[in-house]
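Chain and residue survey
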Amino acid sequence: MSRPIRKVLIANRGEIAVRVMRACRELGIATVAVYSDADRAALHVRHADEAYPIGPPPARESYLVIDKILDVARRAGADAIHPGYGFLSEKAEFARACDAAGVTFIGPPADAIDAMGDKTRARAKMMAAGVPVVPGDNGTDGRGFASAEVALESARKIGFPVMLKASAGGGGKGMRLVDDEKKFGAAYQGAQREAKAAFGDDTVYLEKAVVRPRHVEIQVFGDMHGNVVYLFERDCSIQRRHQKVIEEAPSPAVTPDLRRSMGEVAVRAAAAVKYVGAGTCEFLLSENGDFYFLEMNTRLQVEHPVTEMITQRDLVRLQIAVAQGERLPFTQDELRVSGAAIECRVYAEDPIKFLPSPGRITALRQPAGPFVRDDSGVYEGAEISVFYDPMISKLVVWGATREEAIDRMARALGEYRVGGIKTNLAFHRRVMRNRAFREGVYSTAFIEQHKAELLVPLEPDGDAFDDALAAAVIHAVEAEPAQSLAAPSAAGVERSAWQTGSRIFTGDS
Ligand code: MV4
């Protein structure tokens, strides 16, 4: 139980693998990377002390194969495995296989993963623990409905609009909004079909639909000694097709009183399943300030850095500490919200259609400066593969106030250059200028409501031209640094290209 960790295998790739390795290095813990054939030259492989191939590019044949990962752990002598997020991170079977192999799983107990993995079971468990869930119906014995007619009867009682959700789901798959009882039958069949296809389980349940909710989630942490604390909230309402795009902490919609009640509810939820490690309780926050538990994510999340910024706590370091049996090194009373943090997920994607734009990164300038953190899985010359998530990096900034954080993010986004592939950088720049965002007035409908302003094509002489210019300058400077920097005209061009939106300096005036 309380065994010191000396060598960690990171069963993941990209920025999160690099993130975990950085914490390990600070702690004097050796790191082991695994990589698919597509990731031979990946950044996480370069960061590791040792790296082992685990098979073909498709994750099903590499990053998701439990036996291959455990075989590498054995060969490398790793005494712990960090799963990152995605892949095997929320598979109870993997946590159990690690236990059976005598390897510490840096994550919650398998039983806690199981308890939260099935949504109707989790709902029932949370209700019993006094955690508010959205009013709804889990069906007969919490196992769904006997027929569409029985479900419709229940939907009438709940009152339209209702949500149909897959019990085995989460993250929006198999979910249907039904605003009219005439559409119920078709929606019910559709949700069942989608749930069956995606999860091999067609159990669906009903909830009252919350209109234009905010997605507010609470970071929790448990240790093996029964302590559970909350590290405040993140607002992840800015999403598109259930893909988060911008996250921030604290939420502009959460008052100190609401923060305390949501935090205490999240701790109750975690304690009810004997949670250990990093976890996140997702809530819907309604327009009138009511909040409802949705689901618990039993892993470290992509957006954990904004919480690190406002609490000054290293969440990966904490995960490792509690995994080796240590007590949480602080109490709830010692935690405070400090300032404001924002994360922009920079994706290799078409900025209008939100479709992946794989390919080689031919030029790259990543922002830096005070209170700017860029958690990246790429480098200049790296390839964004079709096989994995097309996230290039997570740009995270901190400010003493929310306004300062937004201005800092705008500045950092202005420095960011990616050549060779399409990105959503221009989208992020527009959000930082958007009035509703700046006022903190937004919901999960934000992108849809502001699409005319946010999803406009790149002007030929605007950002696209600027990106091409910047790429050319980067290459000129690298080819002949002394001469390029000394030549007045080159220096002028370089300065003009440094910030998006800055005027082209020609040297004429
Ligand atoms: C809801 C909802 C409204 N009412 N449930 C989407 C993902 C899944 N985790 C839960 N989701 C929702 N559940 C009820 N009863 C609205 C959403 C929802 C949503 C939630 C969080 C963030 C973005 C969203 C976008 C659309 C719908």
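Residues numbered from 1 in each chain as written. Predicted model: local features only at pLDDT ≥ 70, side-chain atom pairs only at ≥ 80, totals over all residues. Heavy atoms only, no water.

**Side note on the sheet that holds strand β6 (residues 136–137)**
Across the sheet, four strands lie side by side as β6-β9-β7-β8; this open sheet has antiparallel pairing. Only two strands of the sheet have a single neighbouring strand rather than two, namely β6 and β8 (176–178). In the sheet, strand β7 (residues 162–166) pairs with β8 via three bridges, with the strands oriented antiparallel. Looking at β8, one finds that V162 is bridged to V178. On top of the sheet, helix α8 (residues 184–199) reaches β7, β8 and β9 (204–208); it is set at about 25 degrees to β7, its chief contact. (Pairing = 2+ DSSP bridges. Helix = DSSP H or I, 4+ residues; strand = E, 2+ residues; numbered from the N terminus. Contact = heavy atoms within 4.5 Å. Axes fitted to C-alpha atoms, helices over the stretch in contact; angles between N-to-C directions.)

**A word on the environment of F446**
Locating F446 in the fold gives a position in helix α15 (residues 446–449). F446 sits in the buried class, given a relative accessible area of 1%. Along the sequence, F446 and I238 sit 208 residues apart, while their C-alpha atoms lie 6.3 Å from each other. Beyond its immediate stretch of four places on either side in the chain, F446 contacts I238, V431, N434, A436, F437 and L454. (Buried < 20%, exposed > 50% of the residue type's maximum accessible area, 1.4 Å probe, protein only.)

**Points about the side chain of K394**
Summarising the element assignment, K394 is placed in strand β20 (residues 391–399). A relative accessible area of 0% places K394 in the buried class. A distance of 3.0 Å separates the side chain of K394 from the side chain of E15, its partner in a polar contact. There is a polar contact of 2.7 Å between the side chain of K394 and the backbone oxygen of V302. (Polar contact = N/O pair within 3.5 Å; in protein donor to acceptor, adjacent residues only side chain to side chain.)

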